[in-house]
Amino acid sequence: AKVVPIPYCDFGEGAGDVKWNYEIDKYPPYVPVIPFDRYSLREEMPDIAFIHNPYDDTNTLTSVHPEYYSENIKKHAFLLVYSPYFIMGGYTRGKTDGFIVTKGGMNADRILVQSEFVKGIYESYGYGSEKLMAYGSPKADAVVKGMQNREMPEKWRGKLEGKKKIIMLNTHWSYFIRGKAWEKQGGGKKDFAVRYHRELIEAVEGRK
């Protein structure tokens, strides 16, 4: 295996407000990293390339280097596989289409979807059944695996005993960006994360 960290950028609020990140120096010493400008997709021709960000040049929050957009990777990889980074918890046709109809999804040879139900949603948008593989979510798998052989914090134990439903909250990082934008516009410091968490908890508490 070859580890090739690639540049990615964060977009600010204004035109041209772009911050590029290149984190090759943040890997532990036992990982043999290769600088991205010394690795050639064209020459290496990888057997399988996995992507988790399918938006290419349509992402409004962050982006990888254009050389690594799905359409360019597809030219030089035998198989392009898209594994979504998010867990689909809700679906409204017309409102959440942007999560499903993506350049990476359309360019991929295979898409790893989290369930047969989600596979059906993708099929309703015209994706072929042979392209979709209902293998679950690597994010959920990582959480389950991480909880094995791990002691529960004592302060949780009393709250979770008995017949209670336990809900895993999977939030989105975009509200941190919104909080920063609010401050820049003179709105003062406002913790959007606290606000959204409170709204989510209240929504759960108000249901049976």
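Residues numbered from 1 in each chain as written. Predicted model: local features only at pLDDT ≥ 70, side-chain atom pairs only at ≥ 80, totals over all residues. Heavy atoms only, no water.

Engineer: Got a sec to walk through the nonpolar core? Specific residues and values, please.
Structural biologist: If you look at the biggest cluster of nonpolar residues, it comprises 24 residues, and the most contacted ones within it are Ile73, Tyr82, Ile100, Ile111, Tyr122 and Tyr127. For this core, the secondary-structure elements that each account for two or more residues are β3 (48-51), β5 (79-82), β6 (110-113) and α4 (116-124). Broken down by element, the residue count for this core peaks at three residues, all from α4. The contact partners of Tyr122, leaving out residues within four places of it in the chain, are Tyr82, Pro84, Phe99, Ile100, Ile111, Val113, Tyr127 and Leu132. (Core = buried A, V, L, I, M, F, W, Y, C linked by side-chain atoms within 4.5 Å. Buried < 20%, exposed > 50% of the residue type's maximum accessible area, 1.4 Å probe, protein only. Helix = DSSP H or I, 4+ residues; strand = E, 2+ residues; numbered from the N terminus. Contact = heavy atoms within 4.5 Å.)

Engineer: Which residues make up the sheet that holds strand β2 (residues 18-21), and what values go with them?
Structural biologist: Spatially, β2-β1-β4 is the arrangement adopted by the three strands of the open sheet, whose pairing is antiparallel. Strands with a single pairing partner mark the edges of an open sheet, and in this sheet they are β2 and β4 (62-64). For this sheet, the mean angle separating the axes of adjacent strands, direction not counted, is 20°. By the bridge criterion, four bridges tie strand β1 (residues 8-11) to β2 in an arrangement that is antiparallel. Bridge pairing in β2 places Phe11 opposite Val18. (Pairing = 2+ DSSP bridges. Axes fitted to C-alpha atoms, helices over the stretch in contact; angles between N-to-C directions.)

Engineer: So what's going on with the pairing of β1? Residues and values would help.
Structural biologist: Across three bridges, β1 lies against β4 in antiparallel orientation. Looking at β4, one finds that Cys9 is bridged to Ser63.

Engineer: Now, about the pattern of salt bridges: what can you tell me, with residues and values included?
Structural biologist: Tallied over the entire structure, the rule returns five salt bridges. Two residues, Asp57 and Lys103, come together in a salt bridge whose shortest N-O distance is 2.7 Å. Highlighted residues: Asp57 in the loop between β3 and β4 and Lys103 in helix α3 (residues 103-107), separated in sequence by 46 residues. Residue classification places Asp57 among the partly exposed residues on the basis of a relative accessible area of 48%. Between Asp109 and Lys74 there is a salt bridge, and its shortest N-O distance comes to 2.9 Å. Placement of Asp109 in the loop between α3 and β6 and of Lys74 in helix α2 (residues 70-76) is noted, with a sequence separation of 35 residues between them. For Asp109, a relative accessible area of 22% corresponds to the partly exposed category. (Salt bridge = Lys/Arg side-chain N within 4 Å of Asp/Glu carboxyl O.)

Engineer: Break down the side chain of Ser63 for me, with residues and values.
Structural biologist: The residue Ser63 is located in strand β4 in this model. What makes Ser63 buried here is its relative accessible area of 4%. In this structure the side chain of Ser63 is engaged in a polar contact, spanning 3.1 Å, whose partner is the side chain of Tyr69. Once residues lying within four places of it in the same chain are set aside, the contact partners of Ser63 are Tyr8, Cys9, Phe11, Asp56 and Tyr69. (Polar contact = N/O pair within 3.5 Å; in protein donor to acceptor, adjacent residues only side chain to side chain.)

Engineer: Requested: an account of the packing of aromatic side chains, with residues and values cited.
Structural biologist: The way to describe two aromatic rings as a pair is by their centre distance and the angle between their planes. In this structure the tally under the stated criterion is five aromatic pairs. Counting every residue linked through ring pairs, the aromatic cluster contains Tyr55, Tyr85, Phe86 and Phe99. The ring of Tyr125 is capped by Arg93, whose NZ or CZ atom sits 4.0 Å from the centre of that ring. (Phe/Tyr/Trp six-rings, centres within 6.5 Å; stacked < 30°, edge-to-face > 60°. Lys NZ or Arg CZ within 6 Å of the ring centre and 35° of its normal.)

Engineer: Help me get a handle on α4, residues and values and all.
Structural biologist: Buried within α4 are the following residues: Val118, Lys119, Ile121 and Tyr122. When α4 is viewed along its axis, its buried side chains cluster within an angular range of 155° and face the same direction. Among the exposed residues of α4, those pointing more than 90 degrees away from its buried face are Glu116 and Phe117. For α4, the secondary structure elements touched by its buried residues are β5, β6 and β7 (132-134). Where α4 terminates, the next one or two residues include Gly126, which has phi positive at roughly 100°. (Arc of directions from axis to C-beta.)

Engineer: Help me get a handle on the sheet that holds β5, residues and values and all.
Structural biologist: Here four strands make up an open sheet; going across it, the order is β3-β5-β6-β7 and the pairing parallel. Unpaired on one side and paired on the other, β3 and β7 mark the two borders of the sheet. Across the sheet, the mean angle from the axis of one strand to that of its neighbour is 25°, orientation sign disregarded. Relative to β5, β3 runs parallel, the two being bridged by four bridges. Paired with Ala49 across the two strands is Leu80, which belongs to β5.

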